[in-house]
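# Chain and residue survey
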Amino acid sequence: MTSILLGALGLWAAMLNEAAFSGRNLPSTRTAVDLVFPLRAGTYLVANGGSTSTVNSHFLTWQPSTDRQRDYHGQSFGVDLVKLNRWGASARGWRPFRPTAYEIFGASVHAPCSEEVLQVRNDMPDMRVPFLDETALEGNHVVLKCAEAIVILAHMRRGSVIASEGAIVEESDLLGEAGNSG
C-alpha cells in the first residue's frame, strides 16, 4: 500500500513539474516584448509568472471562466515580484499584516520602455496583507504602451505615482514606488 501511495505521489509531482516547466515557454500566439527590469538594486523573486496557470494565476484570465477573470483578461501575462532580504525572506516577521514590513514596499519603480503613459491611478490605499480590493485589483498603477504591448505597473504605493497621462517617459524614468494597493 505504501509503495502505491508513493508511486502516485511521485507521478503527481512529475506532472506538476512538467506543467511548471511548460510555463517557461511563450505561447505560440504571442510575440515577446523586450522590457527593462522596472526595479533597481536588490534580489527579486518571481512569485507568480509564466504562461500556464500552474505557475501564474494571472493566466486564468487567458481563457476566463468568471466575470472577474474576464474583466482582467489583459493581465494574462502578469508577473508578481517580491524583494528578498539577505536571508532570503520577503518580509520582517512571519506573514505580517502591515505592507511596510515587506522588503519591496517603497522600492522605486522605473519605466521598462520609452513610450507614452496611457493611464495613471494614484489614490487607492495600500491594503493590509493578505486583503485586496476586489473592485480594482490593479490598485495604483501606470499603464504604458511598450512596442506592440500595453504594460501595466500595478500595486503602487498610494500617492507615489509621479507619471502623468499623456506624458512621454524614457526607459528607466522613475514612475513611483511599489506598494500594496489593489
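Residues numbered from 1 in each chain as written. Predicted model: local features only at pLDDT ≥ 70, side-chain atom pairs only at ≥ 80, totals over all residues. Heavy atoms only, no water.

### With respect to the overall build of the protein
- Helix and strand counts for the protein stand at two helices and eight strands.
- Counting from the amino terminus, the protein carries its helices and strands in the arrangement α-β-α-β-β-β-β-β-β-β.
- Counting only residues that meet the buried cut, the protein has 30% of its 182 residues in that class.
- Taking the intrachain contacts of the protein between residues at least 6 apart in sequence as the baseline, contacts between residues at least 24 apart amount to 63%.
- Summed over all atoms, the accessible surface of the protein reaches about 11,400 Å², with 56% contributed by carbon and sulfur. (Helix = DSSP H or I, 4+ residues; strand = E, 2+ residues; numbered from the N terminus. Buried < 20%, exposed > 50% of the residue type's maximum accessible area, 1.4 Å probe, protein only. Contact = heavy atoms within 4.5 Å. Areas by Shrake-Rupley, 256 points an atom, 1.4 Å probe, with all protein chains shown as cover.)

### Details of the pattern of salt bridges
- Per the stated rule, a full pass over the model turns up three salt bridges.
- Among the ionic pairs, Glu 103 bridges to Arg 92, the shortest N-O distance being 3.5 Å. Placement of the pair is Glu 103 in the loop between strand 2 (80–84) and strand 3 (108–110) and Arg 92 in the loop between strand 2 and strand 3, with a sequence separation of eleven residues. (Salt bridge = Lys/Arg side-chain N within 4 Å of Asp/Glu carboxyl O.)

### Concerning the sheet that holds strand 6 (residues 149–156)
- Reading across the sheet, the four strands line up as 6-5-4-7 and stay open at both edges, with antiparallel pairing between neighbours. On the outer flanks of this sheet lie strand 6 and strand 7 (168–169), each paired with one strand and no other.
- Bridging between strand 5 (residues 140–146) and strand 6 involves six bridges; their strand directions are antiparallel. Opposite Leu 144, over in strand 6, you have Val 151 as the bridge partner. (Pairing = 2+ DSSP bridges.)

### Quick notes on unusual backbone geometry
- Here the bond from Val 129 into Pro 130 is cis, since omega is 10°, no more than 30 degrees from zero.
- Looking at where Pro 130 falls in the secondary structure, it is placed in the loop between strand 4 (115–121) and strand 5.
- Unusually for a residue other than glycine, Arg 95 sits at a positive phi of about 50°.
- The backbone of Ser 172 sits at a positive phi, close to 80°, despite the residue not being glycine.

### Thoughts on the state of the cysteines
- This structure, assessed with the given rule, holds one disulfide.
- The side chain of Cys 113 participates in a disulfide bridge whose partner is Cys 146; the two sulfur atoms lie 2.0 Å from each other. Because the sign of the S-S torsion sets the handedness, a value of about -65° for the bond joining Cys 113 and Cys 146 places this disulfide among the left-handed ones. Of this pair, Cys 113 sits in the loop between strand 3 and strand 4 while Cys 146 sits in strand 5, and the two are 33 residues apart along the sequence. Assigned by exposure class, Cys 113 and Cys 146 land together as buried. (Disulfide = S-S within 2.5 Å.)

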